[in-house]
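Chain residues, written in single-letter form:
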Amino acid sequence: MLGAISVQSQVSFNAKVSKKRLGINERLRIDFEMNENGDNFNPPPFTNFQVVSGPQQSVSRSWVNGVQSFSKTYTYFLTPKTKGKITIGQAEITINGEVYKTTPISVEVTEAVKKPNDPNNIDYVIDGNIHLVAEISKTNPYLNEGITVIYKLYFRNPISVSDVSELESPSYADFWSHLINIPRAEINMRGTYKGEPYNEVVWRKAVLYPQKTGKLVLPPLTLNLSLNVPSNRRDLFGRRILTQAQKMITTGQNTIRVKSLPEKNKPENFSGAVGQFDFDLILDKEALKASESFQAKIKVKGKGNLKLFNLPTISVPNTLEVYEPEHDEQVKITLSGMQGTIEDNYTIVPQFQGKYPIPPVQFSYFDPQTASYKTLTSRDLIVDVFDGPTAGTPRTSSTGTEPKQVITTNENAFRFIKLDTTLSRINQEVFWMSRSFWILLLLPLFLLLTAYLIKLFVFDKTEDASSLKQRRAQQLAKKYLSSAKKEFHDQARFYEALERALHNYLKAKLKIETTELSKSKIESLLTEKKVAQHIAQEFVTVVENCEMARYAPGSSVNIQGDFEKASTLIAQIDRQL
Amino acid sequence: MKQFKTLFKTKRFTLVLLSLLLATTTGVAQASMEPLVEQGNTAYNEGDFQKAISLYEQTLKMGQHSAALYFNLGNSYYRLNKVAESIYYFEKAKQLNPKDEDIQINSAFAQNMTIDAIENLPESQIAQFQKSLFGVFSFSTWSVLTVLLLWVFVGLFLGYLFFKSAQLKRSFFFSAMLVLLVFLTSFFVTFTIDQQDKNTQYAILFSDQIDIWSEPNLQGDLLFTLHEGTKVQLLDKLEEWQKIRIANGSEGWIRNASLRKLERAITK
């Protein structure tokens, strides 16, 4: 029975060293361990080492759930004699008649260390067996790309931790941070640290979104630990006495290099969203009456820095009254970052009937996985407002200003097309300033000028020559009469001038020459021209008066009376001719 | 009698010229395009707006247009929810027929679809008066009127020159001077309209969204943002930058914008 179990289980024979790297003034412990009892143990030749103690042999045997386990160990303590790489050769053992060998182990011996790693020194034991580590998921993330930091405490036998308190908590400046609470620290016995088995405790988890580019420093986390460490002293039963020790342990500073988002192909409307998202614009109604309201919902769903960017805004036709959006966030923060939905809910009230296109909204984000920008566009949406507000309802304007349309469309339905099919040419010549325009404009002016010239040179020339003469005579008579007027003071010259004036006048009016002018002739001519008899006689009397005054100076004459008579006569004859 | 003959001749000549003038401005529409518009109208009524648009635009390509055609195009694009195109064609329709109620109402519907609310600058009373005076006739009516007035003036002045009677001469002279004054006003109005038209170039923004900068470079400040369908006045241009002014008087530079110019349209 026992043999059967032995055959079934694999035989193992291993060599283990306490340290693979040690100073020349330190000690090395080497264990040769087997799980079956064997004979003829043959240790390797410890050349370059001096055996301090050993071999010490220990055997342990245990029964667990009816299964027997066995282990036998040979232990040596060694001090190196030389520096450099030393290979410990193979040990041999004969188990059940077969010879097993261990694999050779290389150990590096360095310069003397200040404090030899005396396995009995408490600080040495602590330093070697407890570690605090900040695990960063990504040390070169993009701006706004989520990273996680997990603080883990590693410890192993023979140390046990009795209490932990946090001395210094890192403050994450330049990061948007979220700490994930760990309600109860749990010890994971199967953790590994640098390939060696350790007990692992996750102390804290943080999700960080870098808000700045460049080299960012993560401040250290420092813990104060109360430890139980076995001491050299032993109690009555030979067990080591545990001593309490306080130890400060820190993660040290970690640096993260944050890459800026590429400028190339950066969409104009990019608002800083980094992650993987889905985007949509949803209307709750697509047809409604004016003055009713509808909701437009801008929704972004996915994984990324959801709380750290602004949603794109909706732009709608100006006659729709839009209220400030209601923001709604349903975001869970897990170790993989923010996840969930954010929404902006707009309440919109149309004022007039008509069709209102809701232009597509674009949302751009950066996907760090593919290192590229992506733009999502919502669908084109149309809201149909089919019934205008009741007449007389005053239009309330959100801006408090007059509506820009003179015509309010609520009473006027959209008009049907015009059925008149009369067309005209598009590229009609513009009449204004065209050649025909100028011709038509200048032609009348030219006509006017010609007509004027014709009148001046043709009409006036051919006009009766006598009429011209007549006019001249009239002018002459007037002239002589006026010259006579100047001679009032000299009787002789006055009458001479008056007579000449009368003669001239008659010459002009009756077309006779001076020589022919006798008094009887004058009278007959005047009557011939249908001048009243008495006027003709009077005219002759004035002429006689003139002659008398001229040839008989000194006779009593009335200069003033004769002048007035002459002028009235001329006027009278002129009227009758 | 001779004078009368000349006068009569000039008058007859004026009449001949006038009829000539009217013939040139009226233009003769090509009848062959009208069935295309009718087909477009039918397609619109059946709800096939895309087809209606292609038929209407085909007509435009053939060099024919009318306010009704632009209006129908605007309606079709409105039905397809294309804001910028719709507004563009309603504006074109307004250019040809600024007082039509249908065009104004549907244009307001299209304006409702735009994103930006831009308030017009208040106009001074002088500007309002000017606008109402200029708007009495269309541009081409103004220009024809100007020419007509000059002919009337010349006719009256000839009357003044050739009539003998002092009474007639006087009344001819005064009416001629009055007509001359009206002619000068009309010439000035037409000239001003023409200059305004030449100096102000409008366009409709077709870019979905565009930033307005204070300077034609990216170092300037970002002033505001405009969306498609906004009517802008085009000012200076520098490489790919275009300076614009919007109805509320704000100015700024836009870069690589998609704009469709509203060419000057001469109304009948």
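So, how was this worked out
- In every chain, residue numbers begin from 1 and rise along the written sequence.
- A letter from A marks each chain and a number from 1 marks each ligand, given out in the order of writing.
- Restriction of local features to residues with pLDDT of at least 70 applies here, the model being predicted, together with a cutoff of 80 or more for giving and counting side-chain atom pairs; totals for whole chains, interfaces and linings are based on all residues.
- Secondary structure is summarised from DSSP: a helix means a run of H or I of at least four residues, a strand means a run of E of at least two, and numbering begins at the N terminus for each.
- Residue burial is a threshold on neighbouring C-beta atoms within 10 Å of the residue's own C-beta, all placed from the backbone, with 20 or more meaning buried, 12 or fewer meaning exposed, and counts in between meaning partly exposed.
- Our contact criterion uses C-beta atoms placed from the backbone: two residues qualify when those atoms are within 7 Å.
- Polar here means any residue outside two lists: the nonpolar Ala, Val, Leu, Ile, Met, Phe, Trp, Tyr, Cys and Pro, and the charged Asp, Glu, Lys and Arg; Gly therefore counts as polar.
- Pairing between strands is defined by DSSP: at least two bridges between them are needed.
- Confidence scores labelled pLDDT are given residue by residue by the predictor and lie between 0 and 100.

Caption draft 1: Looking closely at the overall build of chain A. The helix and strand inventory of chain A stands at eight helices and 31 strands. With 577 residues in all, chain A has 26% of them scored as buried. Of all intrachain contacts in chain A linking residues separated by at least 6 positions in sequence, the fraction that spans at least 24 positions is 71%.

Caption draft 2: Molecular detail of the overall build of chain B. In terms of helices and strands, chain B carries nine helices and eight strands. Looking at chain B as a whole, 35% of its 268 residues qualify as buried. A sequence separation of at least 24 residues applies to 59% of the contacts in chain B between residues at least 6 apart.

Caption draft 3: Spotlight on the interface of chain A and chain B. Counting from both sides, the interface comprises 46 residues of chain A and, opposite them, 59 residues of chain B. At the level of secondary structure, the elements contributing two or more residues to the side of chain A that touches chain B comprise strand 27 (354–358), strand 31 (424–425) and helix 3 (435–462) of chain A. Sorting elements by how many residues they give to the side of chain A that touches chain B places helix 3 of chain A first, with eleven residues. A class-by-class count of the residues in the side of chain A that touches chain B yields 25 nonpolar, 14 polar and seven charged. Of the pairings in the sheet, the one linking strand 31 of chain A to strand 1 (residues 64–65) of chain B comprises two bridges and is antiparallel in character. Counted as the bridge partner of R425 of chain A is Q64 of chain B from strand 1 of chain B.

Caption draft 4: Quick look at the pairing of strand 26 (residues 337–350) of chain A. Residues and elements named next belong to chain A. As judged from the ten bridges shared by strand 23 (residues 294–304) and strand 26, these two strands associate in the antiparallel manner. Note on strand 26: the bridge partner recorded for Q295 is T347. Across three bridges, strand 24 (residues 320–322) lies against strand 26 in antiparallel orientation. Within the sheet, the bridge partner assigned to L320 lies in strand 26 and is P350.

Caption draft 5: Highlighting the sheet that holds strand 27 of chain A. All names here are of chain A. Read across the open sheet, the three strands follow the order 22-30-27; overall the sheet is mixed. Since the sheet does not close on itself, it has two edges, and those belong to strand 22 (287–288) and strand 27, each with one partner. Taken together, the two bridges between strand 22 and strand 30 (residues 381–385) define a ladder with parallel strand orientation. In the strand pairing of strand 30, L288 is matched with V385.

Caption draft 6: Representation of the confidence of the model for chain A in the model. Residue and element names in this part refer to chain A. A residue-level look at chain A finds 86% of positions with pLDDT of 70 or above and a mean pLDDT of 79. Under a pLDDT of 50 for its full length, residues 1–8 has, in the predicted model, two contacts with residues more than four places off or in other chains. Counted against residues more than four places away or in other chains, residues 390–410, with its pLDDT under 50, gives 30 contacts.

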